[in-house]
Amino acid sequence: MIQAPVSNELFERAQHTIPGGVNSPVRAFRAVGGNPRFMVSAKGPYMFDEDGNQYVEFINSWGPMILGHAPAVVQEAVMAAVPNSLSFGAPTRKEVEMAELIVSMVPGIEKVRMVNSGTEATMSAVRVARGYTGRSKFIKFEGCYHGHGDSFLISAGSGAITLGVPDSPGVTTGVAADTLTAPYNDLNAVQTLVDANKGEIAAIILEPVAGNMGLVVPEQGFLQGLRDICDKEGIVLIFDEVMTGFRLASGGAQQLYGVTPDMTTLGKIIGGGMPVGAYGGKAEIMNYVAPAGPVYQAGTLSGNPIAMSAGMAMLSHLKNNPEVYAQLEQTAARMVAGMEANMQKLGVKFTINRVGSMFSIFFTDKPVTDFESAKTSDTALFGKYFNAMLKRGIYLAPSQYEALFISTAITDELADQYIQANFEALQEALEIA
Ligand SMILES: *Cc1c(COP(=O)(O)O)cnc(C)c1O
(Lines give C-alpha, C1' and ligand atoms only; values in the text may rest on other atoms or scores of the structure.)
Protein backbone atom coordinates (compact mmCIF):
# COMPACT_ATOMS: atom_id res chain seq x y z
CA MET A 1 0.00 0.00 0.00
CA ILE A 2 1.40 3.36 -1.06
CA GLN A 3 1.26 5.94 1.70
CA ALA A 4 1.42 9.62 0.87
CA PRO A 5 1.56 11.73 4.05
CA VAL A 6 3.75 14.44 2.49
CA SER A 7 1.50 14.80 -0.57
CA ASN A 8 -1.52 14.94 1.72
CA GLU A 9 0.06 17.70 3.79
CA LEU A 10 1.06 19.71 0.71
CA PHE A 11 -2.43 19.34 -0.70
CA GLU A 12 -3.89 20.60 2.56
CA ARG A 13 -1.56 23.63 2.48
CA ALA A 14 -2.23 24.22 -1.23
CA GLN A 15 -5.97 24.67 -0.65
CA HIS A 16 -5.29 27.86 1.35
CA THR A 17 -3.57 29.72 -1.48
CA ILE A 18 -4.48 27.94 -4.75
CA PRO A 19 -8.13 27.40 -5.81
CA GLY A 20 -8.85 23.74 -5.09
CA GLY A 21 -5.15 23.22 -4.41
CA VAL A 22 -4.20 22.73 -8.08
CA ASN A 23 -3.33 24.90 -11.08
CA SER A 24 -5.49 22.86 -13.47
CA PRO A 25 -8.70 21.09 -12.37
CA VAL A 26 -7.90 17.73 -14.00
CA ARG A 27 -4.98 17.28 -11.58
CA ALA A 28 -7.29 17.08 -8.57
CA PHE A 29 -8.65 13.61 -7.85
CA ARG A 30 -12.25 14.79 -7.43
CA ALA A 31 -13.69 12.38 -10.01
CA VAL A 32 -12.00 9.32 -8.47
CA GLY A 33 -11.65 10.16 -4.77
CA GLY A 34 -8.48 10.66 -2.76
CA ASN A 35 -5.76 13.34 -2.92
CA PRO A 36 -3.40 14.10 -5.78
CA ARG A 37 0.25 13.09 -5.47
CA PHE A 38 2.86 15.86 -5.53
CA MET A 39 5.67 14.99 -7.92
CA VAL A 40 9.38 15.66 -7.50
CA SER A 41 11.08 14.11 -10.51
CA ALA A 42 10.60 11.74 -13.39
CA LYS A 43 12.84 9.75 -15.70
CA GLY A 44 11.92 7.46 -18.57
CA PRO A 45 8.77 5.49 -17.63
CA TYR A 46 8.86 6.46 -13.94
CA MET A 47 7.64 9.40 -11.87
CA PHE A 48 8.57 9.93 -8.20
CA ASP A 49 6.44 11.75 -5.62
CA GLU A 50 7.22 13.72 -2.44
CA ASP A 51 6.74 10.53 -0.40
CA GLY A 52 9.36 8.60 -2.34
CA ASN A 53 6.79 6.47 -4.18
CA GLN A 54 7.56 5.38 -7.72
CA TYR A 55 4.89 5.22 -10.42
CA VAL A 56 4.88 3.82 -13.96
CA GLU A 57 3.64 6.66 -16.14
CA PHE A 58 0.64 6.37 -18.47
CA ILE A 59 -0.34 10.07 -18.62
CA ASN A 60 3.03 11.56 -19.51
CA SER A 61 2.07 15.13 -18.70
CA TRP A 62 -1.18 14.58 -20.65
CA GLY A 63 0.72 13.64 -23.80
CA PRO A 64 3.92 15.65 -24.30
CA MET A 65 6.31 13.04 -22.86
CA ILE A 66 5.97 10.66 -25.81
CA LEU A 67 9.62 9.61 -25.38
CA GLY A 68 9.19 9.13 -21.63
CA HIS A 69 10.40 11.69 -19.10
CA ALA A 70 13.57 13.73 -19.45
CA PRO A 71 14.78 12.23 -22.76
CA ALA A 72 18.43 13.17 -23.41
CA VAL A 73 17.72 14.72 -26.84
CA VAL A 74 15.33 17.27 -25.38
CA GLN A 75 17.16 17.90 -22.09
CA GLU A 76 20.43 18.61 -23.90
CA ALA A 77 18.82 21.04 -26.35
CA VAL A 78 17.30 22.99 -23.44
CA MET A 79 20.56 23.03 -21.49
CA ALA A 80 22.45 24.30 -24.54
CA ALA A 81 19.95 27.16 -25.00
CA VAL A 82 19.78 28.41 -21.40
CA PRO A 83 23.09 30.35 -21.25
CA ASN A 84 22.01 32.51 -24.25
CA SER A 85 19.20 34.14 -22.19
CA LEU A 86 15.70 32.87 -21.59
CA SER A 87 13.87 35.33 -23.82
CA PHE A 88 14.53 38.10 -26.34
CA GLY A 89 11.14 39.37 -27.51
CA ALA A 90 12.76 39.61 -30.95
CA PRO A 91 12.90 37.08 -33.80
CA THR A 92 15.36 34.19 -33.72
CA ARG A 93 16.76 31.63 -36.19
CA LYS A 94 15.14 28.87 -34.15
CA GLU A 95 11.65 30.18 -34.88
CA VAL A 96 12.35 30.01 -38.61
CA GLU A 97 13.69 26.48 -38.31
CA MET A 98 10.77 25.42 -36.10
CA ALA A 99 8.22 26.79 -38.59
CA GLU A 100 9.99 24.99 -41.46
CA LEU A 101 10.02 21.77 -39.46
CA ILE A 102 6.30 21.94 -38.64
CA VAL A 103 5.40 22.73 -42.26
CA SER A 104 7.50 19.76 -43.40
CA MET A 105 5.66 17.40 -41.02
CA VAL A 106 1.98 18.45 -40.94
CA PRO A 107 0.17 18.08 -44.30
CA GLY A 108 -2.38 20.89 -43.72
CA ILE A 109 0.11 23.56 -42.61
CA GLU A 110 1.73 25.95 -45.09
CA LYS A 111 2.24 28.76 -42.59
CA VAL A 112 2.28 28.61 -38.80
CA ARG A 113 2.21 30.95 -35.79
CA MET A 114 3.68 29.89 -32.43
CA VAL A 115 1.74 30.55 -29.20
CA ASN A 116 2.11 29.39 -25.59
CA SER A 117 -0.66 26.81 -25.09
CA GLY A 118 -3.27 24.73 -26.84
CA THR A 119 -5.95 27.08 -25.55
CA GLU A 120 -4.30 30.04 -27.25
CA ALA A 121 -3.98 28.05 -30.46
CA THR A 122 -7.68 27.16 -30.71
CA MET A 123 -8.89 30.64 -29.66
CA SER A 124 -6.67 32.21 -32.30
CA ALA A 125 -7.58 29.72 -35.03
CA VAL A 126 -11.29 30.42 -34.64
CA ARG A 127 -10.64 34.17 -34.65
CA VAL A 128 -8.69 33.86 -37.89
CA ALA A 129 -11.39 31.65 -39.46
CA ARG A 130 -13.95 34.32 -38.56
CA GLY A 131 -11.79 37.10 -39.93
CA TYR A 132 -11.15 35.16 -43.13
CA THR A 133 -14.79 34.23 -43.80
CA GLY A 134 -16.44 37.33 -42.33
CA ARG A 135 -18.83 34.98 -40.49
CA SER A 136 -19.48 34.66 -36.72
CA LYS A 137 -20.72 31.17 -35.83
CA PHE A 138 -18.83 27.92 -35.57
CA ILE A 139 -19.63 24.27 -34.92
CA LYS A 140 -17.99 22.14 -32.26
CA PHE A 141 -18.80 18.61 -31.10
CA GLU A 142 -20.19 17.49 -27.73
CA GLY A 143 -17.44 16.05 -25.59
CA CYS A 144 -14.59 17.61 -27.60
CA TYR A 145 -12.32 19.87 -25.54
CA HIS A 146 -10.56 22.79 -27.16
CA GLY A 147 -9.05 24.52 -24.14
CA HIS A 148 -10.77 26.99 -21.84
CA GLY A 149 -11.55 29.85 -24.24
CA ASP A 150 -15.03 31.28 -23.57
CA SER A 151 -16.60 30.19 -26.83
CA PHE A 152 -15.53 26.56 -26.38
CA LEU A 153 -17.10 26.05 -22.93
CA ILE A 154 -20.50 25.31 -24.40
CA SER A 155 -22.66 22.20 -24.23
CA ALA A 156 -25.46 21.34 -26.61
CA GLY A 157 -29.08 22.17 -25.88
CA SER A 158 -31.65 19.43 -26.26
CA GLY A 159 -32.14 19.51 -30.01
CA ALA A 160 -29.46 19.53 -32.70
CA ILE A 161 -30.24 23.09 -33.76
CA THR A 162 -30.76 24.51 -30.26
CA LEU A 163 -28.33 27.34 -29.58
CA GLY A 164 -25.63 26.54 -27.06
CA VAL A 165 -25.85 27.44 -23.40
CA PRO A 166 -22.68 28.16 -21.39
CA ASP A 167 -21.11 25.28 -19.45
CA SER A 168 -19.36 27.63 -17.04
CA PRO A 169 -20.44 30.75 -15.15
CA GLY A 170 -18.57 33.70 -16.60
CA VAL A 171 -19.27 32.71 -20.19
CA THR A 172 -21.96 35.04 -21.51
CA THR A 173 -25.01 33.85 -23.43
CA GLY A 174 -23.94 36.29 -26.15
CA VAL A 175 -20.74 34.33 -26.68
CA ALA A 176 -22.56 31.00 -26.36
CA ALA A 177 -25.02 31.94 -29.10
CA ASP A 178 -22.28 31.78 -31.73
CA THR A 179 -21.20 28.25 -30.75
CA LEU A 180 -23.29 25.48 -32.31
CA THR A 181 -22.81 21.90 -31.16
CA ALA A 182 -23.39 18.50 -32.73
CA PRO A 183 -22.84 14.92 -31.50
CA TYR A 184 -19.48 13.43 -32.53
CA ASN A 185 -19.66 11.14 -35.57
CA ASP A 186 -23.05 12.60 -36.58
CA LEU A 187 -22.79 14.08 -40.08
CA ASN A 188 -26.56 14.52 -40.36
CA ALA A 189 -26.61 16.77 -37.30
CA VAL A 190 -23.83 18.87 -38.84
CA GLN A 191 -25.71 19.13 -42.13
CA THR A 192 -28.84 20.23 -40.25
CA LEU A 193 -26.88 22.97 -38.44
CA VAL A 194 -25.29 24.13 -41.67
CA ASP A 195 -28.66 24.28 -43.46
CA ALA A 196 -30.26 26.20 -40.58
CA ASN A 197 -27.39 28.72 -40.50
CA LYS A 198 -26.67 29.17 -44.22
CA GLY A 199 -23.73 31.48 -44.90
CA GLU A 200 -23.17 32.19 -41.18
CA ILE A 201 -20.75 29.43 -40.17
CA ALA A 202 -17.07 30.37 -40.18
CA ALA A 203 -15.57 27.09 -39.00
CA ILE A 204 -16.08 23.51 -37.93
CA ILE A 205 -13.57 22.53 -35.25
CA LEU A 206 -13.01 19.02 -33.89
CA GLU A 207 -10.52 16.60 -32.43
CA PRO A 208 -10.00 14.29 -35.44
CA VAL A 209 -9.63 11.49 -32.88
CA ALA A 210 -11.42 12.61 -29.73
CA GLY A 211 -9.39 12.18 -26.56
CA ASN A 212 -11.24 14.35 -24.06
CA MET A 213 -14.38 12.23 -23.55
CA GLY A 214 -12.22 9.16 -23.23
CA LEU A 215 -10.91 8.04 -26.60
CA VAL A 216 -13.53 8.10 -29.37
CA VAL A 217 -12.64 7.04 -32.90
CA PRO A 218 -13.92 8.92 -35.97
CA GLU A 219 -16.18 6.54 -37.88
CA GLN A 220 -15.39 5.65 -41.47
CA GLY A 221 -16.30 8.64 -43.64
CA PHE A 222 -16.86 11.13 -40.80
CA LEU A 223 -13.75 13.27 -41.36
CA GLN A 224 -14.13 13.16 -45.16
CA GLY A 225 -17.83 14.02 -44.80
CA LEU A 226 -16.91 17.14 -42.81
CA ARG A 227 -14.28 18.00 -45.42
CA ASP A 228 -16.96 17.78 -48.16
CA ILE A 229 -19.46 19.95 -46.24
CA CYS A 230 -16.81 22.59 -45.58
CA ASP A 231 -15.72 22.65 -49.24
CA LYS A 232 -19.30 23.04 -50.41
CA GLU A 233 -20.21 25.79 -47.92
CA GLY A 234 -16.95 27.78 -47.75
CA ILE A 235 -16.46 26.78 -44.10
CA VAL A 236 -12.95 26.55 -42.58
CA LEU A 237 -12.28 23.01 -41.33
CA ILE A 238 -10.08 23.09 -38.21
CA PHE A 239 -8.51 19.93 -36.80
CA ASP A 240 -7.59 20.44 -33.16
CA GLU A 241 -4.53 18.19 -33.03
CA VAL A 242 -3.24 19.49 -29.70
CA MET A 243 -3.41 15.89 -28.45
CA THR A 244 -3.11 13.84 -31.64
CA GLY A 245 -0.46 15.95 -33.41
CA PHE A 246 2.93 14.18 -33.62
CA ARG A 247 1.39 11.32 -31.58
CA LEU A 248 -0.77 9.26 -33.94
CA ALA A 249 1.74 9.81 -36.76
CA SER A 250 4.51 12.34 -37.35
CA GLY A 251 1.92 14.34 -39.34
CA GLY A 252 -0.87 13.72 -36.84
CA ALA A 253 -4.37 12.31 -37.35
CA GLN A 254 -4.69 14.18 -40.66
CA GLN A 255 -1.85 12.10 -42.04
CA LEU A 256 -3.20 8.87 -40.54
CA TYR A 257 -6.71 9.35 -41.99
CA GLY A 258 -5.69 11.13 -45.20
CA VAL A 259 -8.04 14.09 -44.69
CA THR A 260 -6.42 17.53 -44.81
CA PRO A 261 -8.02 20.37 -42.83
CA ASP A 262 -7.77 24.08 -43.72
CA MET A 263 -6.29 24.88 -40.30
CA THR A 264 -4.62 22.83 -37.56
CA THR A 265 -4.02 23.59 -33.89
CA LEU A 266 -1.10 22.03 -32.03
CA GLY A 267 0.14 21.82 -28.45
CA LYS A 268 1.42 19.26 -25.93
CA ILE A 269 4.13 17.24 -27.81
CA ILE A 270 5.11 20.32 -29.85
CA GLY A 271 6.82 21.83 -26.79
CA GLY A 272 8.54 18.64 -25.60
CA GLY A 273 7.22 19.51 -22.10
CA MET A 274 7.57 23.31 -22.36
CA PRO A 275 4.45 25.52 -22.63
CA VAL A 276 4.01 25.74 -26.41
CA GLY A 277 1.12 25.79 -28.85
CA ALA A 278 0.80 26.62 -32.53
CA TYR A 279 -1.84 27.17 -35.16
CA GLY A 280 -1.36 27.02 -38.88
CA GLY A 281 -2.99 26.21 -42.17
CA LYS A 282 -3.30 27.30 -45.77
CA ALA A 283 -1.15 30.31 -46.56
CA GLU A 284 -4.20 32.12 -47.94
CA ILE A 285 -5.88 31.89 -44.52
CA MET A 286 -2.77 32.45 -42.38
CA ASN A 287 -1.98 35.62 -44.36
CA TYR A 288 -4.94 37.16 -42.50
CA VAL A 289 -2.86 37.09 -39.29
CA ALA A 290 -1.17 40.35 -38.20
CA PRO A 291 1.16 41.84 -39.27
CA ALA A 292 0.59 40.16 -42.67
CA GLY A 293 -3.15 40.77 -42.35
CA PRO A 294 -5.86 42.39 -40.20
CA VAL A 295 -6.59 39.67 -37.60
CA TYR A 296 -4.72 40.59 -34.42
CA GLN A 297 -2.92 37.94 -32.39
CA ALA A 298 0.29 38.42 -30.38
CA GLY A 299 2.40 37.04 -27.52
CA THR A 300 5.24 38.46 -25.40
CA LEU A 301 6.83 35.03 -24.91
CA SER A 302 5.64 33.36 -28.14
CA GLY A 303 8.42 31.46 -29.91
CA ASN A 304 10.45 31.54 -26.68
CA PRO A 305 13.99 30.29 -27.40
CA ILE A 306 14.06 27.67 -24.64
CA ALA A 307 10.64 26.34 -25.62
CA MET A 308 11.62 26.29 -29.30
CA SER A 309 14.79 24.36 -28.46
CA ALA A 310 12.81 21.72 -26.57
CA GLY A 311 10.13 21.48 -29.24
CA MET A 312 12.54 21.32 -32.13
CA ALA A 313 14.56 18.56 -30.50
CA MET A 314 11.37 16.58 -29.89
CA LEU A 315 9.90 17.05 -33.37
CA SER A 316 13.20 16.41 -35.15
CA HIS A 317 13.56 13.17 -33.23
CA LEU A 318 10.05 12.05 -34.19
CA LYS A 319 10.54 13.04 -37.83
CA ASN A 320 13.88 11.22 -38.12
CA ASN A 321 12.83 8.08 -36.23
CA PRO A 322 9.58 6.82 -37.80
CA GLU A 323 10.09 3.47 -36.02
CA VAL A 324 8.90 5.25 -32.86
CA TYR A 325 5.31 4.94 -34.12
CA ALA A 326 5.63 1.23 -34.86
CA GLN A 327 6.99 0.67 -31.36
CA LEU A 328 4.16 2.68 -29.73
CA GLU A 329 1.58 0.77 -31.78
CA GLN A 330 3.05 -2.55 -30.71
CA THR A 331 3.19 -1.62 -27.00
CA ALA A 332 -0.36 -0.24 -26.92
CA ALA A 333 -1.72 -3.27 -28.80
CA ARG A 334 -0.02 -5.60 -26.30
CA MET A 335 -1.53 -3.72 -23.34
CA VAL A 336 -5.02 -3.73 -24.83
CA ALA A 337 -4.89 -7.44 -25.72
CA GLY A 338 -3.81 -8.22 -22.14
CA MET A 339 -6.63 -6.13 -20.66
CA GLU A 340 -9.21 -7.68 -22.95
CA ALA A 341 -8.16 -11.14 -21.77
CA ASN A 342 -8.31 -10.00 -18.13
CA MET A 343 -11.77 -8.52 -18.42
CA GLN A 344 -13.19 -11.50 -20.26
CA LYS A 345 -11.80 -13.76 -17.53
CA LEU A 346 -13.36 -11.59 -14.81
CA GLY A 347 -16.64 -11.07 -16.67
CA VAL A 348 -16.33 -7.27 -16.68
CA LYS A 349 -18.50 -5.32 -19.12
CA PHE A 350 -16.17 -3.15 -21.14
CA THR A 351 -15.42 -1.30 -24.34
CA ILE A 352 -11.85 -0.38 -25.23
CA ASN A 353 -11.25 2.28 -27.90
CA ARG A 354 -7.73 2.64 -29.24
CA VAL A 355 -5.90 4.52 -31.98
CA GLY A 356 -2.13 4.05 -31.95
CA SER A 357 -0.67 4.97 -28.55
CA MET A 358 -3.92 6.40 -27.14
CA PHE A 359 -6.69 4.28 -25.63
CA SER A 360 -9.48 4.30 -23.05
CA ILE A 361 -11.33 1.60 -21.14
CA PHE A 362 -15.04 2.29 -20.67
CA PHE A 363 -16.93 0.13 -18.17
CA THR A 364 -19.97 -0.35 -20.39
CA ASP A 365 -21.17 -3.05 -22.79
CA LYS A 366 -22.18 -0.38 -25.35
CA PRO A 367 -19.97 0.78 -28.21
CA VAL A 368 -18.64 4.27 -27.39
CA THR A 369 -18.94 6.53 -30.43
CA ASP A 370 -19.88 9.90 -28.94
CA PHE A 371 -20.32 11.74 -25.63
CA GLU A 372 -23.75 10.20 -24.90
CA SER A 373 -22.44 6.66 -25.19
CA ALA A 374 -19.24 7.55 -23.28
CA LYS A 375 -21.48 8.59 -20.39
CA THR A 376 -22.90 5.04 -20.12
CA SER A 377 -19.62 4.02 -18.48
CA ASP A 378 -19.70 3.06 -14.79
CA THR A 379 -17.65 5.96 -13.38
CA ALA A 380 -17.92 4.72 -9.78
CA LEU A 381 -16.23 1.48 -10.84
CA PHE A 382 -13.63 3.53 -12.70
CA GLY A 383 -12.86 5.49 -9.49
CA LYS A 384 -12.23 2.28 -7.58
CA TYR A 385 -10.18 0.85 -10.42
CA PHE A 386 -8.10 4.06 -10.63
CA ASN A 387 -7.24 3.97 -6.92
CA ALA A 388 -6.47 0.25 -7.03
CA MET A 389 -4.04 0.90 -9.92
CA LEU A 390 -2.44 3.85 -8.11
CA LYS A 391 -1.86 1.61 -5.10
CA ARG A 392 0.04 -0.73 -7.42
CA GLY A 393 2.24 2.09 -8.66
CA ILE A 394 0.41 2.63 -11.96
CA TYR A 395 -0.27 6.29 -12.72
CA LEU A 396 -3.41 6.85 -14.83
CA ALA A 397 -5.42 9.98 -15.56
CA PRO A 398 -7.80 10.54 -12.62
CA SER A 399 -10.92 10.53 -14.80
CA GLN A 400 -12.94 8.12 -16.91
CA TYR A 401 -13.06 10.73 -19.65
CA GLU A 402 -9.36 10.75 -20.49
CA ALA A 403 -7.10 8.56 -22.60
CA LEU A 404 -3.89 6.79 -21.62
CA PHE A 405 -0.81 8.11 -23.43
CA ILE A 406 1.84 5.48 -24.03
CA SER A 407 5.49 6.51 -24.28
CA THR A 408 8.42 4.76 -25.91
CA ALA A 409 9.84 4.22 -22.40
CA ILE A 410 7.21 1.52 -21.79
CA THR A 411 9.01 -1.77 -22.44
CA ASP A 412 7.24 -5.10 -22.98
CA GLU A 413 8.13 -5.92 -19.39
CA LEU A 414 6.41 -2.76 -18.10
CA ALA A 415 3.43 -3.43 -20.36
CA ASP A 416 3.12 -6.87 -18.77
CA GLN A 417 3.44 -5.33 -15.31
CA TYR A 418 0.55 -3.03 -16.26
CA ILE A 419 -1.54 -5.98 -17.47
CA GLN A 420 -0.95 -7.86 -14.19
CA ALA A 421 -1.85 -4.74 -12.17
CA ASN A 422 -4.96 -4.32 -14.33
CA PHE A 423 -6.10 -7.85 -13.40
CA GLU A 424 -5.55 -7.36 -9.68
CA ALA A 425 -7.03 -3.85 -9.62
CA LEU A 426 -10.16 -5.00 -11.45
CA GLN A 427 -10.59 -7.85 -8.99
CA GLU A 428 -10.23 -5.45 -6.09
CA ALA A 429 -12.56 -2.84 -7.63
CA LEU A 430 -15.23 -5.47 -8.36
CA GLU A 431 -15.09 -6.93 -4.85
CA ILE A 432 -15.77 -3.58 -3.26
CA ALA A 433 -18.21 -2.52 -6.00
C1 LIG B 1 -5.07 19.87 -24.02
C2 LIG B 1 -5.93 20.28 -25.14
C3 LIG B 1 -6.19 21.63 -25.41
C4 LIG B 1 -5.74 22.75 -24.51
O5 LIG B 1 -4.36 22.87 -24.46
P6 LIG B 1 -3.70 23.64 -23.21
O7 LIG B 1 -2.25 23.67 -23.54
O8 LIG B 1 -4.06 22.85 -22.00
O9 LIG B 1 -4.30 25.00 -23.18
C10 LIG B 1 -6.90 21.93 -26.56
N11 LIG B 1 -7.36 20.98 -27.37
C12 LIG B 1 -7.14 19.67 -27.14
C13 LIG B 1 -7.63 18.64 -28.10
C14 LIG B 1 -6.44 19.28 -26.00
O15 LIG B 1 -6.26 17.98 -25.74
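Residues numbered from 1 in each chain as written. Predicted model: local features only at pLDDT ≥ 70, side-chain atom pairs only at ≥ 80, totals over all residues. Heavy atoms only, no water.

Looking at an unreviewed UniProt entry, the chain carries the name Glutamate-1-semialdehyde 2,1-aminomutase, with the source organism given as Pontibacter arcticus. The Pathway (unreviewed entry) field of the UniProt record for the chain holds the comment "Porphyrin-containing compound metabolism; protoporphyrin-IX biosynthesis; 5-aminolevulinate from L-glutamyl-tRNA(Glu): step 2/2." Its UniProt record gives the chain a comment under Catalytic activity (unreviewed entry), which states: "(S)-4-amino-5-oxopentanoate = 5-aminolevulinate". (UniProt positions renumbered as here; feature names shortened; annotations may be inferred.)

Considerations on the overall build of the chain
Counting secondary structure elements, the chain contains 14 helices and 16 strands. Relative to a compact globule of 433 residues, whose C-alpha radius of gyration would be 22 Å, the chain shows 21 Å and is just as compact. Expressed along its principal axes, the backbone C-alpha trace of the chain runs to roughly 60 × 55 × 45 Å. Counting all 433 residues of the chain, 55% fall into the buried class. Taking contacts inside the chain between residues at least 6 apart in sequence as the whole, the part at least 24 apart equals 71%. As displayed, the chain has an accessible area near 17700 Å², and 53% of this comes from carbon and sulfur atoms. Here the chain contributes 30 positively and 42 negatively charged side chains, and the mean placements of these two sets differ by 2 Å. (Helix = DSSP H or I, 4+ residues; strand = E, 2+ residues; numbered from the N terminus. Rg over C-alpha atoms; globule rule 2.2 N^0.38 Å. Buried < 20%, exposed > 50% of the residue type's maximum accessible area, 1.4 Å probe, protein only. Contact = heavy atoms within 4.5 Å. Areas by Shrake-Rupley, 256 points an atom, 1.4 Å probe, with all protein chains shown as cover. Lys, Arg positive; Asp, Glu negative; His and termini not counted. Charge placed at Lys NZ, Arg CZ, Asp CG, Glu CD.)

Topic: the sheet that holds strand 8 (residues 179-182)
The strand order across the open sheet formed by seven strands is 4-12-11-10-9-5-8, and the pairing between neighbours is mixed. The open sheet terminates on both sides in strands that have one partner only, identified here as strand 4 (111-115) and strand 8. With direction set aside, neighbouring strand axes in the sheet form an average angle of 20 degrees. In terms of strand pairing, strand 9 (residues 201-206) meets strand 10 (residues 236-240) through four bridges, oriented parallel. Bridged to Leu206 within strand 10 is Phe239. (Pairing = 2+ DSSP bridges. Axes fitted to C-alpha atoms, helices over the stretch in contact; angles between N-to-C directions.)

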